[in-house]
Amino acid sequence: MPPTLASLVHHSALKLTVLAGEDKLETPVRWAHVSELADPVPWMEGGELLLITAMKIDAENAAAMRRYVKRLVGAGVVGLGFAVGVNYEQVPKPLVEAAKGEGLPLLAVPRRTPFLAISKAVSAAIAAETYRAVTAGFEAQRELTRAALSTDGPAALLARLAAHLDGWAALYDASGALVAAAPEWAARRAARLGGDVERLRERPAPASAVVGGDPREAGDDDAGGADDAGDAGRAAGGGSDRPDGSDRVELQSLGTGRRARGVLAVGTGAPLGTAERYAVHSAIALLTLSTERSRALQDAEQRLGAAVLRMLLAGEPDHARAVAGGLYGELLDAPFRMLVAEAAAGPAAESADAGEHADADGAPDPLGVLADTVESAAARTGESVLAVPDGGRLVVLAPDGGAAVAACAAHARAIEARRGTKARPRERTAAAPDDDLVVGLSAPVGPIAAAGAFRQAEQALSVARRRGRVLVEHEEVAAGSVLPLLADDAVRAFADGMLRALHDHDATGRGDLVASLRAWLSRHGQWDAAAADLGVHRHTLRYRMRRVEEILGRSLDDPDVRMELWLALKATSVPSTG
């Protein structure tokens, strides 16, 4: 352990005597410093044992000593050593009283004990503590490495780390889902940190945050802002599964890219010491190696996946299976669904690589977030998925009825909930960057029908964009009516333009041509039935239909004209989706 005032007092060669502050002798000493300045505070960093002979201060002036001691305490000085027999035969009473009043430990240093001996004792103790910490850190690193290479992998590593810290440890994947925790009871504690983990994942890596403690204690690249620590501290304040009912949690992002590939959480009863921090940093490195594949390997897998997808779309499933080998398990031998996703702003708004998970400004990439969500869900259940970034799109093949498809649907519902509305895109408020997403999902198909599934997913994607939806399944398009498709702005503009002349005629009060046209078309051109619906004579209706032809300059005998007019009438009567 680091040197303390108590260890110096008990040092047999120093012969120090405690005159004040007996209850604070367990305070660690960062250094021993000699200063005869009347005000040494500007040169103090905190944690020092200050050694003086009172050469420049009036140690018998009570008011001056109270000010002097108060300044030292305010600067974080942990103790004051006074040389007896140099300028004063005894430690002056005003200094003793001032030290007692401020609770500052005051040590009498005998004349035969040089200040250099005290400095050497502190330095030796610090060096011994540093050596112990480094040695313990290397030993922890060896143990953690052996655990990481074992069959249990990350789970074994977490168990060893928790034992070394005398606390608990948990691992979250790229989507923020809890993967493993040690000991077993820690899973309940780790599950309550979902919000804090999500906030950390939203920040550029590497990042860290402290939950339930002083954020400045983290001591890493990014110890988290006050908001992070405050929110997390309130969450932790509800209790803990630790036996003593409290803990301090550090969250550390994993990965080498701009977006975290996972998060490590460690919970302890006190701030981490040097040896413990060595162990945590070793665990971060090992977990990063296990969760972050090399860029070259990732690029190779993406190129292989793209080749497999092209073969499937070309109607060559046997060749696709041969190229894929066992990389995608049984995915190509069972019904799967194809997913096509784009940013809501359109393909041009996205980079060519959804794998980076962030744009040039560091904002979350919605396609990267979706890929993480789908792949993490599949990994947790042992499913195989094929995810291929395709320009500004993401194409995914996932088992029908599996966890990956369910995770995609849940992700879409969460985005809809955050948006607070299913209104058309032009009517929505601005969405968060990672909410800027539209997805089309095909019906279940076999490998031989992959090209058809791709068309289905594209059609569903087109409908999702028009309706302002995040996700549309092809079954919704195939089983529904064509009428909702008429709620598109371009269709409405066409309908308004086609019927404008008739509406202008009706506005003059010279007849109701629009209503008459609708009734005649709905009755398939049957004059008597349509006239009865309108409550007019059939000759009146015939006259009105001749006026429609004259005004539009088109013949109602043409079936294409009748179809266009009917669709225009329906488009103007279909409400906007929302």
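Look above for the structure.
Here is what the cut-offs are and how they apply
Residues numbered from 1 in each chain as written. Predicted model: local features only at pLDDT ≥ 70, side-chain atom pairs only at ≥ 80, totals over all residues. Heavy atoms only, no water. Phe/Tyr/Trp six-rings, centres within 6.5 Å; stacked < 30°, edge-to-face > 60°. Buried < 20%, exposed > 50% of the residue type's maximum accessible area, 1.4 Å probe, protein only. Salt bridge = Lys/Arg side-chain N within 4 Å of Asp/Glu carboxyl O. Pairing = 2+ DSSP bridges. Helix = DSSP H or I, 4+ residues; strand = E, 2+ residues; numbered from the N terminus. Axes fitted to C-alpha atoms, helices over the stretch in contact; angles between N-to-C directions. Contact = heavy atoms within 4.5 Å. Core = buried A, V, L, I, M, F, W, Y, C linked by side-chain atoms within 4.5 Å. Arc of directions from axis to C-beta.

A.B. asks: I'm lost on the packing of aromatic side chains in this one. Help?
C.D. replies: Within a pair of aromatic rings, the relevant descriptors are the distance that separates the centres and the angle that separates the planes. Scanning the model with the defined rule gives 2 aromatic pairs in all. On the basis of an interplanar angle of 55° and a centroid distance of 6.0 Å, the ring pair of Phe82 and Tyr88 is categorised as tilted. Their ring planes at 35° and their centres at 5.4 Å tell us that Trp520 and Trp527 sit as a pair that is tilted. Residue Trp520 is classed as buried on the basis of its relative accessible area, which comes to 8%. Assessed through its relative accessible area of 22%, Trp527 is described here as partly exposed.

A.B. asks: Even after reading the chapter, I still don't get the pattern of salt bridges, so can you show me in this structure?
C.D. replies: Once their charged atoms are close, side chains differing in charge can pair, the charge on each being opposite to the other. Taken as a whole and assessed by the stated rule, the structure comprises 20 salt bridges. Between Arg248 and Glu250 there is a salt bridge, and its shortest N-O distance comes to 3.0 Å. When sorted by exposure, Arg248 lands in the same class as Glu250, which is buried. Linked through salt bridges whose partners overlap, the residues forming this network are Glu342, Arg393, Glu458 and Arg465.

A.B. asks: Even after reading the chapter, I still don't get the sheet that holds strand β1 (residues 17–20), so can you show me in this structure?
C.D. replies: Strand pairing in a sheet is mediated by backbone hydrogen bonds. Such pairs are either parallel or antiparallel. Read from one edge to the other, the open sheet built from 5 strands follows the order β1-β5-β4-β3-β2, with strand pairing classed as mixed. Two strands in the sheet have a free side with no partner beyond their single neighbour: β1 and β2 (31–34). On average, each strand axis in the sheet is inclined to that of its neighbour by 30°, with strand direction left out of account. Note: β2 against strand β3 (residues 48–52), 4 bridges, orientation parallel. Paired with Trp31 across the strands is Glu48, a residue of β3. Taken strand by strand, helix α4 (residues 115–149) contacts β2, β3, β4 (79–83) and β5 (106–109), and its axis lies near 155° from that of β2.

A.B. asks: Please clarify how the sheet that holds strand β13 (residues 393–399) should be interpreted in this entry.
C.D. replies: With mixed pairing, 5 strands are arranged side by side in an open sheet as β12-β13-β11-β14-β15. Two strands in the sheet have a free side with no partner beyond their single neighbour: β12 (386–390) and β15 (471–473). The mean angle between the axes of side-by-side strands here comes to 15°, regardless of whether they run parallel or antiparallel. Strand direction decides the pairing type here: strand β11 (residues 336–342) and β13, joined by 7 bridges, are antiparallel.

A.B. asks: Explanation requested: unusual backbone geometry in the structure shown.
C.D. replies: Glycine aside, residues mostly have negative phi, and peptide bonds are mostly found in the trans state. Ala182 connects to Pro183 through a cis peptide bond whose omega is -5°. Relative to the elements of secondary structure, Pro183 occurs in the loop between β7 (178–182) and α6 (186–191). Even without being a glycine, Lys15 presents a positive backbone phi close to 60°. With respect to the helices and strands, the residue Lys15 is situated in the loop between α1 (5–9) and β1. Note on Lys15: relative accessible area 46%, which makes it partly exposed.

A.B. asks: I'm lost on the nonpolar core in this one. Help?
C.D. replies: The nonpolar side chains of a soluble globular protein tend to be buried, and buried together. Ranked by size, the top nonpolar core spans 27 residues in total, and within it Tyr68, Leu80 and Leu106 carry the most contacts. Taken together, the elements giving at least two residues each to this core come down to β3, α2 (62–74), β4, α3 (93–102) and β5. Looking at this core element by element, the count peaks at 5 residues for α2. Apart from residues no more than four positions distant in its own chain, Tyr68 is found in contact with Leu37, Ala38, Pro40, Leu50, Ile52, Ile57 and Leu80.

A.B. asks: What's the story with helix α11 (residues 317–324) in this structure? I'm lost.
C.D. replies: Because the α-helix completes a turn every 3.6 residues, residues three or four places apart line up on one side. Where α11 is concerned, the buried positions are Pro317, Ala320 and Ala324. When α11 is viewed along its axis, its buried side chains cluster within an angular range of 55° and face the same direction. With respect to the buried face of α11, the exposed residues turned more than 90 degrees away are Asp318 and Ala322. Looking one or two residues beyond α11, the residue adopting positive phi is Gly325, at roughly 60°.

A.B. asks: What should I look at first to understand the environment of Glu473 in this one?
C.D. replies: Within the secondary structure, Glu473 is located in strand β15. Overall, Glu473 belongs to the partly exposed group, its relative accessible area being 25%. For Glu473 and Gln456, which are 17 residues apart along the polypeptide, the C-alpha to C-alpha distance reads 8.6 Å. Filtering out sequence-adjacent residues up to four positions away, Glu473 remains in contact with Arg337, Leu441 and Ala460.

Read these as geometric descriptors, not functional statements.
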